[in-house]
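A closer look at the structure
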Amino acid sequence: MVSHLQVTARNTWMRNVLLIAVVTAVGGFLFGFDNGSISGSVGFLQSKFELDADGIGWVTSSIIVGCIIGVALAGPLSDATGRKKVLLLTALIFIFGVLGEALATSPEMLVWFRIIVGIGIGIETTIAPLYIAEVSPAHIRGRLVSLNQLFNCIGNLAIFSVSAIIASCASKMWNIEYGWRVIFASGILPAILFLMLLVWVPESPRWLVRKGRTEQGLDILRKINSDEATAREQLEAIKHTLQNENTSRLRELFSPRLRRALIIGFCVALFQQITGINAIFYYAPEIFKTAGMNISGAMSFTVLIGMTLVIATLVSMWVIDKVGRRSLLIFGSAGMAVTLSCTGILFRASETQTMLLLICILAYVAIFAVSYGTVAWVVISEIFPGHVRGIAVSIATFALWGGNFFVSRFFPVLVGNISAANTFFIFAGISVIAFIFVVAMVPETKGKTLEEIEAKLHAK
């Protein structure tokens, strides 16, 4: 009888943890869906509003301006009001912003509503991994935090597929007038679903204890731990960590004791973006058209990128708590340097081999997804002390979106001025720098509780 009760208790707490992680990760689906919607729309928007390379770069990258604003707001808001309330706000922002994108009547109006959607994305990408990390057991934390990135990839695949279907089922003129509106508007339904599901998600127990609501925090710890003793042990660990809090959190974050963590979080997040991944996500159809493909073939190849992203992210979730974060980042940096160099060589050839180009790009996307695509979010959600985690994750995510802005804003300009080949060679060189940084600076954190990581990485 005791054994049966233990099994039942284990199943219950694991089910609770998975439910919280999956519901929160639906926000990651919205991130991927709304962020990727520009990929299938960019060609139609360029024709609709007669945009040059600089104009389309601004329309594409304007969402990142919103992301940076969202990141700046996310940490202070979540530390003040709680992780759950901020995620609920995010769902409402998504609904409003996506509706505005679909109804835009000018490039300026479209840019403003893309900035609003970006605010939602910036908040989601900051708070969702942090929140999942705070409710996850140490031995599966990497996989659960990775759920947000998996759902992001599924969102990318979904919108790439929707865009391909819309492009192939209507005339070019209809798509220029209405197709891109349907692509943007399709994001409203998942945003409403996210809002409804969040009602069932509890607040972060670590945040509750920090705010003096210890009993509420303990109640949630009981639901996400296998037994009462483990829940109370975790509560005591959280209390012990809180006793060492410094009231000047921002000043402490830049102190010598925490400087290494800040540099690691900032640079890993930055390298995730400036190695060129969103040049592929945002401009994939245009890249393939540059290589000589028609629009239907370019859209189909973009769906293949989305499929590769999902499969590789599943692989990453399977190995991240076995292989470790540092090893995956080293592998990813080296692999991206090789595949990006090969992509540049193919573009430099007098006659581009379309299938070889597709293979190189798919290999690059797979390596990115297995490594930086998943691991960066995990690393920045777990290396900072609890009392500065919200603002520290915001700073790291700010670096991520700052890098994304420069890539998405200037990629079409770089291609137009120095060629696609040289642009991909630049991304390859940055990947080499990322390899050196990870080898020199990034520690391994697999299998450790957040409190253990804090004690080891930030010990005086």
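For the structure given in this document, a descriptive report is provided here. From a predicted model like this one, the values you see are computed outputs, not experimental measurements.

1. Notes on the packing of aromatic side chains
- Under the defined criterion, the tally for this structure stands at 14 aromatic pairs.
- Aromatic side chains Phe49 and Trp180 sit 5.8 Å apart centroid to centroid with 65 degrees between the ring planes, which places their arrangement in the edge-to-face category. Pair noted here: Phe49 is in the loop between helix H1 (2-48) and helix H2 (53-81) and Trp180 is in helix H6 (residues 172-185), with a separation of 131 residues, a long-range link. Judged on exposure class, the residue Phe49 and its partner Trp180 are both buried.
- With 5.7 Å between their ring centres and 80 degrees between their planes, Phe405 and Phe406 make a pair best called edge-to-face.
- For Phe406, a relative accessible area of 53% gives the class exposed.

2. Focus: the environment of Tyr364
- You can see Tyr364 is positioned in helix H16 (residues 354-370).
- A relative accessible area of 1% means that Tyr364 is categorised as buried.
- Remark: the alpha-carbon pair of Tyr364 and Gly276, spanning 88 residues in sequence, is separated by 9.9 Å.
- Residues within four places of Tyr364 in sequence aside, it is in contact with Thr275, Gly276, Ile277, Ile280, Met336, Thr339 and Leu340.

3. Focus: the packing of H16 against helix H17 (residues 372-382)
- The geometry of H16 relative to H17 is characterised by a closest axis approach of 4 Å and an angle of 20 degrees between their N-to-C directions. If you check the angle between H16 and H17, you find them roughly parallel. Across the interface between the two elements, Phe368, Ala369 and Val370 from H16 touch Tyr372, Gly373, Thr374 and Val375 from H17.
- Partitioning the contact of H16 with H17 into residue classes produces five nonpolar, two polar and no charged.

4. Here we look at unusual backbone geometry
- Non-glycine residue Glu50 carries a positive phi angle of around 50 degrees.
- Considering the arrangement of structural elements, one finds Glu50 in the loop between H1 and H2.
- The exposed category is assigned to Glu50, whose relative accessible area is 74%.
- For Ser419, which is not glycine, the phi dihedral falls at a positive 90 degrees.

Calculation rules
Residues numbered from 1 in each chain as written. Predicted model: local features only at pLDDT ≥ 70, side-chain atom pairs only at ≥ 80, totals over all residues. Heavy atoms only, no water. Phe/Tyr/Trp six-rings, centres within 6.5 Å; stacked < 30°, edge-to-face > 60°. Helix = DSSP H or I, 4+ residues; strand = E, 2+ residues; numbered from the N terminus. Buried < 20%, exposed > 50% of the residue type's maximum accessible area, 1.4 Å probe, protein only. Contact = heavy atoms within 4.5 Å. Axes fitted to C-alpha atoms, helices over the stretch in contact; angles between N-to-C directions. Parallel < 35°, antiparallel > 145°, perpendicular 65-115°, else oblique. Nonpolar A, V, L, I, M, F, W, Y, C, P; charged D, E, K, R; others polar.

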